[in-house]
Amino acid sequence: MITEIAPAPERVVSGSARPRGGRRAWDEVPRWQIYLPLSVYLLFTLLPFYWILLFALRPAGSTSLVPWPVTFEHFGKVWTDRSFGTYFANSVYVGLATLVLTTVVALAGGYALARFDFRVKRGFMLALLCSQFVPGALLLVPLFQIFAGLSMINSLGSVVIAETVFQLPLSMILISGFIRNVPYSLEEAAWVDGCDRLTAFRIVVLPLLRPGLIAVGSFAFVHAWNHFLFALMFLSDQGKQTIPVGLNTLLSADSVDLGALAAGGIIAAVPVVVVFAFIQKWLITGFSAGAVKG
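Residues numbered from 1 in each chain as written. Predicted model: local features only at pLDDT ≥ 70, side-chain atom pairs only at ≥ 80, totals over all residues. Heavy atoms only, no water.

**Brief notes about the overall build of the chain**
For the chain, the helix and strand inventory stands at 12 helices and 2 strands. For the chain, the sequential pattern of α-helices and β-strands runs β-α-α-α-β-α-α-α-α-α-α-α-α-α. Counting contacts in the chain only where the partners sit at least 6 residues apart, residues at least 24 apart contribute 75% of the total. If you sum the accessible surface of the chain, you get close to 17900 Å²; carbon and sulfur atoms cover 69% of it. (Helix = DSSP H or I, 4+ residues; strand = E, 2+ residues; numbered from the N terminus. Contact = heavy atoms within 4.5 Å. Areas by Shrake-Rupley, 256 points an atom, 1.4 Å probe, with all protein chains shown as cover.)

**Quick look at the pattern of salt bridges**
Enumeration over the complete set of coordinates arrives at 1 salt bridge. In this structure, the salt-bridge partner of arginine 115 is glutamate 187, at a minimum N-O distance of 2.6 Å. Of this pair, arginine 115 sits in helix H3 (residues 84-115) while glutamate 187 sits in helix H7 (residues 184-192), placing them 72 residues apart in sequence. A relative accessible area of 4% means that arginine 115 is categorised as buried. (Salt bridge = Lys/Arg side-chain N within 4 Å of Asp/Glu carboxyl O. Buried < 20%, exposed > 50% of the residue type's maximum accessible area, 1.4 Å probe, protein only.)

**A word on the packing of H3 against helix H9 (residues 210-226)**
One can describe the packing of H3 onto H9 by two numbers: an axis separation of 8 Å at closest approach and a directional angle of 140°. As for the relative orientation of H3 and H9, their crossing is right-handed in sense. The residues of H9 that touch H3, namely those facing Phe88, Ser91, Val92, Val94, Gly95, Leu96, Thr98, Leu99, Thr102, Thr103 and Leu107, are Leu213, Gly217, Ala220, Phe221, Ala224 and Trp225. Residue composition of the contact of H3 with H9, grouped by class: 11 nonpolar, 6 polar and no charged. (Axes fitted to C-alpha atoms, helices over the stretch in contact; angles between N-to-C directions. Left-handed = near helix turned anticlockwise from the far one by under 90°. Nonpolar A, V, L, I, M, F, W, Y, C, P; charged D, E, K, R; others polar.)

**Details of empty space enclosed by the protein**
The full count for this structure, using the stated rule, is 1 cavity of 30 Å³ or more. Considered as a void within the structure, the largest cavity measures approximately 40 Å³ in volume. Lining the largest cavity we find Ser91, Val94, Val159, Glu163, Ala224, Trp225, His227, Ala231 and Thr242. Those elements that place two or more of their residues in the lining of the largest cavity are H3, helix H6 (156-180) and H9. (1 Å grid on protein atoms, 1.4 Å probe; cavity = no way out; pocket = protein on both sides within 12 Å on 5 of 7 lines; lining within 4 Å. Points joined across faces, edges and corners; volume = space filled by probe spheres on them.)

Written out as structure tokens, the structure is:
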């Protein structure tokens, strides 16, 4: 039996619970105690990025600690000679398709978990949580047999489906938390005005879920972009490989071209950095909203 969940009563915060005085505890901390650890952490984080830029931009055979003269020969080599242009396009396709499928399916499942109550709901939520402890390697054999039966081996669609299935549990849990934070009374008001459930959801609830959808979608995209295992196992044609597998092809048993490998790593990292630079505001807001129980 499925029933709708009644809206929870609003909580009232008394004035006595607010902090007294205009100063907060961390205002008393000296600035150097904040900036010094942050500077050390920033140096520890940015040093590997400078090192990979150094190898990617300096000429082959150079040992200088400054990338001068700057050369882009390594980028041209991996983009054309090593087929990184094809790998890049395949990764974009897999990432965007996984983003769309994960967001759409998780949105429907998250709404059901947030707005309806049914007998196996707690068990279903527990199963979703437990599925996060299952490593992707354990799914390779059953997924390979399923895709082989569907003649989807060596198809980008198999990687998209595998990545979507792998991302759905956490995405559904997060989106259900976002929907619980939307007041139930807003949907009720839309129903009174003559909207059906789907129309009320599209007009009232969906616009308020923008930060949550961006957070879930970006998380799914980045995971699909960086994931190595599924693309390695399900794709055998070199023309259908993705960026992580392409980076692996730059390694050989005899030697490693550090310049080409560094250039390939930058090509793989730049799209993710650009995406996060544009959506960081929505990402922080979305994850903060999903972490608060409504």
